[in-house]
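Take a look at the letters that make up each chain.
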Amino acid sequence: MIETISNGMDLARVREILNRLIERVNELERVTNSYDDLENRPAINGVTLTSQTSVQDLQIPASSLVGYSDLIAQAQQAAAQTAESTAQTTARAKLDGDLTKLQPREYELATSMLVVIGDDKGNAYKTTLGDLIDYLKHEVLKLNDQYLRVIK
């Protein structure tokens, strides 16, 4: 702490106080405002923090974060909603609500064509038309209490 100057003080003492004040001001001019110039910066997981440190540099596993499972569930829900919305928008754009605009594919079906199959839980699976035909050939279907065998 620097002593204050008071009336009647010896001139030599006033000079000492002023010189100490000047020294302190000069020290302040040498202080940097750059975080990277600081000494004894903190570190996380052994990585010293700099102005360029990224979250990836810290190597913190996301699974250790509080609420990680909630974050994953929210991300999956958002992805599912986005996928469903995109699929509906794309289907509407392609179909345009008017099925007469679709190109006929009668008797032009190839067994390598992809087919999307959905279940009652909202899951979608892809398969080929050939695999679907093979599956149907071996399945017994029940329609109105009558059993039908799919035959080629």
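Preceding this section is the structure that the text describes.
The model shown is predicted, which means the values in this text are computed figures rather than measured ones. Starting from 1, residues in each chain are numbered consecutively following that chain's sequence as written. The model is predicted, so local features are restricted to residues of pLDDT at least 70 and side-chain atom pairs to those at 80 or more, both for listing and for counting; the totals for chains, interfaces and linings are taken over all residues. Just so you know, side-chain values use all the structure's heavy atoms and leave hydrogens and water out.

Quick question: what am I supposed to make of the overall build of the protein chain here?
By definition, any uninterrupted DSSP run of H or I lasting at least four residues is a helix, any uninterrupted run of E lasting at least two residues is a strand, and each is numbered from the N terminus. What the protein chain contains, in helices and strands, is three helices and six strands. Ordered by position in the sequence, the α and β elements of the protein chain form the string α-β-β-α-β-β-α-β-β. Burial classes: relative accessible area under 20% of the type maximum marks a residue as buried, over 50% as exposed, and values in between as partly exposed (1.4 Å probe, protein chains only). Across the 152 residues of the protein chain, 5% fall into the buried class. It only takes one pair of heavy atoms within 4.5 Å for two residues to be counted as in contact. In the protein chain, 0% of the contacts between residues at least 6 apart in sequence involve partners at least 24 apart. We get accessible surface area from the Shrake-Rupley algorithm with a probe of 1.4 Å; when it comes to residues, only the shown protein chains can shield them. As presented, the protein chain carries roughly 13,600 Å² of accessible surface, and 54% of it is formed by carbon and sulfur atoms.

How do you make sense of unusual backbone geometry when you look at a structure like this?
One can expect most non-glycine residues to show negative phi and most peptide bonds to be in trans. Positive phi is not limited to glycine here, since Asn-45 has a value of about 50 degrees. Within the secondary structure, Asn-45 is located in the loop between β1 (43-44) and β2 (47-48). Of the residues examined, Asn-45 reaches a relative accessible area of 55% and is grouped as exposed.

In this structure, what is going on with a nonpolar patch on the surface? I would like to understand it.
Every patch collects residues that have over 30% relative accessible area and no salt bridge, joining them within 9 Å if they carry like charges and within 5 Å if they are nonpolar side chains (Val, Leu, Ile, Met, Phe, Trp, Tyr). We count a salt bridge whenever a side-chain nitrogen from Lys or Arg sits within 4 Å of a carboxyl oxygen from Asp or Glu. Taken together, Ile-5, Leu-18, Leu-21 and Val-25 make up a surface patch of nonpolar side chains, about 320 Å² in accessible area. The topology assignment puts Ile-5 in the segment before α1 (11-30).

I'm lost on the pairing of strand β4 (residues 124-128) in this one. Help?
In summary, the side chains of a regular strand alternate between the two faces of the sheet. The rule for pairing is simple: two strands pair if DSSP sees at least two bridges between them. Two strands pair when backbone bridges link them, and strand β3 (residues 114-118) and β4 are joined in this way by five bridges, in the antiparallel orientation. In the strand pairing of β4, Gly-118 is matched with Ala-124. The antiparallel pairing of β3 with β4 creates a hairpin that spans five residues between the two strands, and Gly-122 there sits at a positive phi of about 85 degrees.

For this particular structure, what's the right way to read the pattern of salt bridges?
A side chain of one charge can pair with a side chain of the opposite charge if their charged atoms are brought near each other. Scanning all chains against the criterion turns up two salt bridges. One salt bridge in this structure joins Arg-13 and Glu-3, with 2.2 Å as the shortest N-O distance. Of this pair, Arg-13 sits in helix α1 while Glu-3 sits in the segment before α1; the two residues are 10 residues apart in sequence, bridging distant segments of the chain. Judged by relative accessible area, Glu-3 falls into the partly exposed class, the value being 36%. Glu-16 is the salt-bridge partner of Arg-13, the closest N and O atoms lying 2.6 Å from each other. Linking Arg-13 with Glu-16, this pair stays in helix α1, spanning three residues, or about one helical turn.

In this structure, what is going on with the environment of Met-1? I would like to understand it.
Here Met-1 is to be found in the segment before α1. The spatial distance from the C-alpha of Met-1 to the C-alpha of Arg-20 is 9.8 Å, given a sequence separation of 19 residues.

Is there a simple way to explain the environment of Gly-118 in this structure?
Tracing the backbone shows Gly-118 in strand β3. Owing to a relative accessible area of 58%, Gly-118 belongs among the exposed residues under this scheme.

Sorry, what's going on with the environment of Met-9 here?
Inspection of the secondary structure puts Met-9 in the segment before α1. Once residues within four sequence positions are removed from consideration, Met-9 is found in contact with Glu-3, Thr-4, Val-14 and Ile-17.

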